[in-house]
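# Topology and contacts: notes
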Amino acid sequence: MASHQQRIEKISETLKSWDYQLDRLEHRLIDLSEEARQQAKEALADLKEQRKQMATRLEEGRSQAGEMLEDFKDGMEKTMDDFKERLQKIRHQVGDKED
């Protein structure tokens, strides 16, 4: 079983990877039609906001213990799963292939 610190580091690494992917997608929008570009921009803006919220929760989670720690872990896993699904949807919309 991973320690709390190891989970935090893994989440932090995942968020950094997603930052890269969001930046990459933002640059790919140029290839889309105007309507598709606008939809993708809105979706990316929503994802960036969700990403900021995850970073805040991550910082809060660094100091949690006990039952609060389990709540943090469960909540972050659900949030990250949702983010990943939404990111994949936008990647497909933009025509970006996964690395």
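Rules and cut-offs
Residues numbered from 1 in each chain as written. Predicted model: local features only at pLDDT ≥ 70, side-chain atom pairs only at ≥ 80, totals over all residues. Heavy atoms only, no water. Helix = DSSP H or I, 4+ residues; strand = E, 2+ residues; numbered from the N terminus. Buried < 20%, exposed > 50% of the residue type's maximum accessible area, 1.4 Å probe, protein only. Contact = heavy atoms within 4.5 Å. Areas by Shrake-Rupley, 256 points an atom, 1.4 Å probe, with all protein chains shown as cover. Lys, Arg positive; Asp, Glu negative; His and termini not counted. Charge placed at Lys NZ, Arg CZ, Asp CG, Glu CD. Salt bridge = Lys/Arg side-chain N within 4 Å of Asp/Glu carboxyl O. Axes fitted to C-alpha atoms, helices over the stretch in contact; angles between N-to-C directions. Parallel < 35°, antiparallel > 145°, perpendicular 65-115°, else oblique. Left-handed = near helix turned anticlockwise from the far one by under 90°. Expected span 1.5 Å × (residues − 1).

### Here we look at the overall build of the protein chain
- Looking only at helices and strands, the protein chain has three helices and zero strands in total.
- Reading the secondary structure of the protein chain in the N-to-C direction produces α-α-α.
- With respect to the three principal axes, the spread of C-alpha positions in the protein chain is 50 × 25 × 15 Å.
- Relative to its full complement of 99 residues, the protein chain shows a buried share of 33%.
- For the protein chain, the share of sequence-separated contacts (at least 6 apart) that also reach a separation of at least 24 residues comes to 75%.
- Of the accessible surface of the protein chain, which amounts to about 6,800 Å², a share of 48% is contributed by carbon and sulfur atoms.
- Across the protein chain, 19 positive and 24 negative side-chain charges occur, with their mean positions spaced 3 Å apart.

### Section: the pattern of salt bridges
- Counted by the stated rule, this structure contains five salt bridges.
- Where Arg 62 meets Glu 9, a salt bridge forms, and the shortest distance between an N and an O atom there is 3.8 Å. Here Arg 62 is found in the loop between α2 (34–61) and α3 (66–94), whereas its partner Glu 9 is found in helix α1 (residues 4–28), with 53 residues between them in sequence.
- Its relative accessible area of 33% is what places Arg 62 among the partly exposed residues.
- With its nearest N and O atoms 3.1 Å apart, the salt bridge here joins Glu 59 to Arg 62.

### Topic: the environment of Leu 29
- As for its position among the elements, Leu 29 is in the loop between α1 and α2.
- A relative accessible area of 4% places Leu 29 in the buried class.
- Taking C-alpha positions, Leu 29 is 15 Å from Asp 46, a pair spaced 17 residues apart along the chain.

### Let's talk about the packing of α1 against α2
- Put simply, α1 and α2 touch, their axes get as near as 11 Å, and they point 160 degrees apart. The orientation of α1 with respect to α2, classified from their angle, is roughly antiparallel. Like other packed secondary-structure pairs, α1 and α2 cross with a definite hand, here left-handed. Contacts from His 4, Ile 8, Ile 11, Ser 12, Leu 15, Trp 18, Asp 19, Leu 22, Leu 25 and Glu 26 in α1 reach Leu 44, Leu 47, Lys 48, Arg 51, Met 54, Ala 55, Leu 58 and Gly 61 in α2.

### Focus: the side chain of Gln 50
- Within the secondary structure, Gln 50 sits in helix α2.
- Setting aside chain neighbours within four positions, we find Gln 50 in contact with Thr 79, Asp 82, Phe 83 and Arg 86.

### Comments concerning α3
- Given a rise of 1.5 Å per residue, 29 residues ought to cover 42 Å, and the 42 Å separating the end C-alpha atoms of α3 matches this to within 8%.
- The inward-facing, buried residues of α3 abut α1 and α2.
- One or two positions beyond α3, positive phi appears at Gly 95, with a value near 85 degrees.

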